[in-house]
Amino acid sequence: MPDAESGAPTVENVRVVVRVRPMDQREKLEGSYNCVSVDSVNNTIAVNRSSVNPPEPPRIYAYDAVFDSNTSQMDIYVQTASPIVEQVLRGYNGTIFAYGQTGTGKTYTMAGSNSAPELRGIIPNSFAHIFSHIAKANDDEKFLVCVTYLEIYNEEVRDLLGNNPHQSLEVKERPDIGVFVKDLTGYVVHNADELEKIMAVGNRNRHIGATAMNVESSRSHAIFSITVENSRRGADGKLHVGCGKLHLVDLAGSERQSKTQATGTRLKEATKINQSLSVLGNVISALVDGKSTHIPYRNSKLTRLLQDSLGGNSKTVMIATVGPAECNYVETISTLRYANRAKNIENKTHVNSEPGDALLTRFQQEIDQLKKQLEESANEIEEEEELDGISEGEVSDATLTDPELDDLDPDERKMRRHLRREEKERLNREKAHQARKVLEEKRAELQRTKKQQEELRDKLSRLESKVLVGGENLLEKADAQRRLLEQAARELEQRRLVELQLQKHLQKKEAERLDIEERYSSLQEESAAKSRKLKRAVQLLSAAKAELADQQREQQREMEGILDGVRALRRELQLAEIVLDAYIPKEYQALIEKYVHWNEQLGEWQVRCVAYTGNNMAAPPRQPARAPQFEPPDLSDRYLSYGAVTGARAPSRLARPHASAVPRPHTALRQRQ
Ligand code: ADP
Ligand code: MG
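Residues numbered from 1 in each chain as written. Chains lettered and ligands numbered in written order. Predicted model: local features only at pLDDT ≥ 70, side-chain atom pairs only at ≥ 80, totals over all residues. Heavy atoms only, no water.

### Side note on the overall build of the protein chain
Okay, step 1: For the protein chain, the helix and strand inventory stands at 15 helices and 21 strands.
Okay, step 2: Buried residues in the protein chain amount to 41% of all 673 residues.
Okay, step 3: Across the protein chain, the fraction of contacts at a sequence separation of at least 24, relative to all contacts at a separation of at least 6, is 75%.
Okay, step 4: Of the roughly 37,600 Å² of accessible surface on the protein chain, a fraction of 52% belongs to carbon and sulfur atoms. (Helix = DSSP H or I, 4+ residues; strand = E, 2+ residues; numbered from the N terminus. Buried < 20%, exposed > 50% of the residue type's maximum accessible area, 1.4 Å probe, protein only. Contact = heavy atoms within 4.5 Å. Areas by Shrake-Rupley, 256 points an atom, 1.4 Å probe, with all protein chains shown as cover.)

Okay, here's the thing in C-alpha cells:
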C-alpha cells in the first residue's frame, strides 16, 4: 500500500510532457521549415532555427516525456492521462492541463475528434476508462460519477452546462471544501455514452472568438471536471467513502496578442486572457523559486480554481503543445520554457477519504430514508385495505318483537309495529349513509397513500439510478473505446520492454566507449579527446548564452505585455473617472471612498453601511458591512440527473436565492441619487 493510502501525503513533482503536432496544410503550402526535433529516448526537444545569421545553437529542453507528430491519441492517453485517472479512481485529485499557442493541438489533445474512436481525446478516453473500471469492480462497491464544465472568459466564470451560459458565476471558498463555484450545474452521469451529449451541450456554449491566427480558436479557458465517488464496506463492517476529482483543462492560447492583430474589444479580452495566463506563470515562478512566501493564486479566477492542482493536493500533468514550423519559433520556445519551469513544482497528494460533502453518502442516506418511508406507507395501506371491507350494518329486529307490544290491542299493535318498522328503516338508511361516507373517506385516503407511495418509489428509483453498482456494463457504445484503450495499453507495455532492452544495450556501448577513450594509446589521441571535450564545453557555453538571451527576450516580451495591460487599464480608468466626475459630486465621491473597502475573498470593492444612506428607510435595518458569509452550496439541487441535458431537468426542490452579503457599489449609487 503506498504511503498516501496509509494517510501520509506523498510529495511529487508536476509531470510535464510535450506534444508536437504535424505540419498543417497551410504550413506545408508555405513551405515552412520544421525546426522542432523530438528525442524520445532522452526525452528532450531540440529547436533549431536555421534562418538566422550568425547561426544559433539549438535550444534543448528535457521533459518527463516527449511525443512527436506521429504519436496517436491513444498513446498520449495511455502514457499521460491514464496513470492520473487510475489515481483518481483510488481517491486522489488529478489535473491534466493543455498549455500552448493557439492551433497547436490543445483541444485536439483534450477533446479530440468525434469522427473515429481512435481520434478521441483525453476527456472521452477518461470516461471510457472510468466506466470500464466500474464495470470491472465488485458488486459490493457503489459509485457516483458527476461532471461539471465551465469556462473562464474575460475573468468571468460561466457554466457551460447551465441554462444560462452568459451568467457569470461567483467563485467562493469554504474551509471544509475549499474553493468552489457557486450554483455550478453538476450532472450525475450513468454511462460513458452520455458524455457525447454533455460535451455537445458544453461545446455549443463555449465562447469562440475568431482571431487572425485561427478562426476556430477559443479565447477562453475551459475546465471539465469529473468527480468519482465510491463506497465500499470495509473489514470493520462500516461503509468507507472515497472521492477523486479530475480536472481536464484546455487553456486559452498562450501567444502574445500582437501576433493576432487584436484591436478594440478583442484587445481588452486578450489583456484579460493573458492576465490569467501570466498569473498562472507567476504562480509557477513563485512555487518553484522556493523563496516566495506568497503564492498569488488569488490574482486570477483560473489560478484560484486550480489552486490544488499547482502546489497542492493533486497529481498533475501539464501537456505543452507546440507546432513544428519555424515561423512559430518564438512562441514555441516560450511554451517550452514555460513548461520547463513547471517541472519543478512540488505537489503534496493524499487520498480524499471520507469527504464531508460526498454526494454518495447523502444519496445513500436518502435512499435508506425513502425505503423506510415506503415500508411505513405499505403498512398503512394494508391497514386501510382491511377497513375497506367494512359492513354497512343494520338495526336489529328486536324492537319489532318486543313483548311490550303483546299487551296492546291488535290495531294499536299493528300501527306501533308499522311505526317501529319505518323508524328501523330510517335508522338503517342513516347508518348505511354514514358507513358509506366513512368508506369513501377511507378509500380517498387509501388512494392518497398509494399515490404517495408511487411518488416515493419514483424518487427512490431516480436516486438509485444515480448510484452505479460495480460490475454493471456501463459502456454500451463506448465499449469500442475501452477495447482501444486496453489494446493501446498492451502495445505500450511491449514497447516499454523493447525500449528497456535498447537502453541496456546503449548503456553497455557507452560504457565500452568510455573505457576505450580512457585508454589513450598516444598523445595524439589524448589531444583529440581533449579537443572534443573543449568543443563540448564551448557548445555548453554557447547554449547557456543562448538561454540567457532567450530569458532576456522573454522578460522583455512579458514586460511589454504588462505595459500593454497597464496602458489599457489606464485608458479604462480615465473613462471611468470622466463618467464619475460628470455624474457624482466630489463630496459624494469622497464619502464613497471613505466607506469603501476591498474584499479580498471576492476580489471586488464593496461599500459599507449602504443601508443607512438611501431612500429605503422603510426596509428593516440591515447589518453593517461584514465579511461575506459563504453559504454551503446546495448540492442536492446542483447535482441534477443527466436527463437535464436533454431538457428534462430534474425538479429542483430547493430554491437558489443568492444575494451578496454586502451590496455592490452601483447599488449604493442608485440608492443615493
Ligand atoms: P488549439 O486548441 O491549441 O488552438 P486545435 O486542437 O484546435 O488547437 O488544433 C488545431 C488544428 O490542428 C486542428 O485542426 C486539429 O485537428 C489539428 N491538430 C492538432 N494537433 C494535431 C495532432 N497531433 N495530429 C493531427 N492533427 C492535429
Ligand atoms: Mg482550442
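### Side note on the pairing of strand S8 (residues 142–153)
Okay, step 1: Counting buried residues along S8, 11 of its 12 residues qualify, which places the element largely inside the surrounding structure.
Okay, step 2: Inspection of the sheet shows S8 paired to strand S18 (residues 468–469) by 2 bridges, in the antiparallel sense. Bridge pairing in S18 links Lys142 to Val469.
Okay, step 3: With 11 bridges connecting them, S8 and strand S14 (residues 221–233) associate as antiparallel partners. Paired with Thr148 across the bridge in S14 is Ser225.
Okay, step 4: Bridge count for S8 against strand S13 (residues 186–189) is 3 bridges, and the pairing is antiparallel. What sits directly across from Val147, in S13, is Tyr187.
Okay, step 5: In this sheet, strand S9 (residues 156–159) lies alongside S8 in antiparallel orientation, the contact comprising 4 bridges. (Pairing = 2+ DSSP bridges.)

### Describing the environment of Pro117
Okay, step 1: With respect to the element layout, Pro117 can be found in the loop between helix H3 (106–110) and helix H4 (122–136).
Okay, step 2: With relative accessibility at 34%, the residue Pro117 sits in the partly exposed group.
Okay, step 3: Expressed as a C-alpha distance, the spacing of Pro117 and Gln481, which sit 364 residues apart in the sequence, is 5.9 Å.
Okay, step 4: Residues in contact with Pro117, not counting those within four places in the same chain, are Met74, Gln481 and Leu484.

### Some remarks on the nonpolar core
Okay, step 1: Ranked by internal contacts, the top residues of the largest apolar core, which has 49 residues, are Ile96, Ile122, Val147, Phe224, Ile226 and Leu248.
Okay, step 2: It is helix H2 (residues 73–89) that provides the largest number of residues to this core, a total of 9 residues.
Okay, step 3: Excluding its chain neighbours within four sequence positions, the residues that come into contact with Ile96 are Ala81, Ile84, Met110, Ile122, Leu246, His247, Leu248, Val249, Val317 and Ile319.
Okay, step 4: Counting residues in each nonpolar core, the second largest holds 43 residues, with Val20, Ile284, Leu336 and Ala339 among its members. (Core = buried A, V, L, I, M, F, W, Y, C linked by side-chain atoms within 4.5 Å.)

### A closer look at helix H10 (residues 410–466)
Okay, step 1: The terminal C-alpha atoms of H10 lie 83 Å apart, and with 57 residues this matches the ideal 84 Å at 1.5 Å per residue to within 8%.
Okay, step 2: Along H10, the residues that are buried comprise Lys424, Asn428, Ala432, Ala435, Leu439, Leu446, Thr449, Gln453, Leu456, Leu460, Leu463 and Lys466.
Okay, step 3: Measuring from the backbone nitrogen of Asp411 back to the side-chain oxygen at the start of H10 gives 3.1 Å, which picks out Asp409 as the cap. (Expected span 1.5 Å × (residues − 1). Polar contact = N/O pair within 3.5 Å; in protein donor to acceptor, adjacent residues only side chain to side chain.)

### Some thoughts on the site of ligand 1
Okay, step 1: Close to ligand 1 lie Arg19, Arg21, Pro22, Gln101, Thr102, Gly103, Thr104, Gly105, Lys106, Thr107 and Tyr108.
Okay, step 2: Here the shell around ligand 1 takes 3 residues from H3, the largest share from any one element.
Okay, step 3: Looking at the shell around ligand 1, its residues break down into 2 nonpolar, 6 polar and 3 charged. (Near = heavy atom within 4 Å. Nonpolar A, V, L, I, M, F, W, Y, C, P; charged D, E, K, R; others polar.)

### Here's the deal with the pattern of salt bridges
Okay, step 1: Counted by the stated rule, this structure contains 20 salt bridges.
Okay, step 2: For Arg416, the salt bridge is made with Glu412, and the minimal N-O distance between the two is 3.8 Å. You can see Arg416 and its partner Glu412 sitting in helix H10, 4 residues apart, about one turn around the helix.
Okay, step 3: A relative accessible area of 36% places Arg416 in the partly exposed class.
Okay, step 4: Notably, a salt bridge pairs Glu454 with Arg457, separated by 3.4 Å at the nearest N-O pair. Here the residue Glu454 and the residue Arg457 both occupy positions in helix H10, the gap between them amounting to 3 residues, near one helical turn.
Okay, step 5: Each of the salt bridges in this network shares a partner with another, and the network as a whole consists of Arg49, Glu56, Arg59, Asp550 and Arg553. (Salt bridge = Lys/Arg side-chain N within 4 Å of Asp/Glu carboxyl O.)

### A few points about helix H5 (residues 194–205)
Okay, step 1: The first and last C-alpha atoms of H5 sit 17 Å apart over 12 residues, in line with the 16 Å expected at 1.5 Å per residue.
Okay, step 2: For H5, every residue scored as buried is listed here: Glu194, Leu195, Ile198, Met199, Val201 and Gly202. For H5, the arc enclosing every buried residue in end-on projection is 160°, short of the 170-degree limit, so these residues lie on one face.
Okay, step 3: Buried residues in H5 make contact with H4, S8, S13 and S14. (Arc of directions from axis to C-beta.)

### Side note on the sheet that holds strand S5 (residues 59–62)
Okay, step 1: Spatially, 3 strands are ordered S3-S4-S5 in an open sheet, and the strand pairing comes out antiparallel. Each edge of the open sheet carries a strand with a single partner, namely strand S3 (36–39) and S5. For this sheet, the mean inter-axis angle between neighbouring strands, taken without regard to orientation, is 20°.
Okay, step 2: The sheet contacts of helix H8 (residues 329–342) involve S3, strand S4 (44–47) and S5, and relative to S5 the element is tilted by about 30°. (Axes fitted to C-alpha atoms, helices over the stretch in contact; angles between N-to-C directions.)

### So, the packing of H2 against H4
Okay, step 1: For the pair H2 and H4, interaxial distance at closest approach is 10 Å and the crossing angle is 50°. Regarding the angle of H2 to H4, the classification is oblique. Handedness of the crossing formed by H2 with H4: right-handed. From H2, Met74, Ile76, Tyr77, Thr80, Ala81, Ser82, Val85, Glu86 and Leu89 reach across to H4, where they touch Ile122, Asn125, Ser126, His129, Ile130 and His133. (Parallel < 35°, antiparallel > 145°, perpendicular 65-115°, else oblique. Left-handed = near helix turned anticlockwise from the far one by under 90°.)

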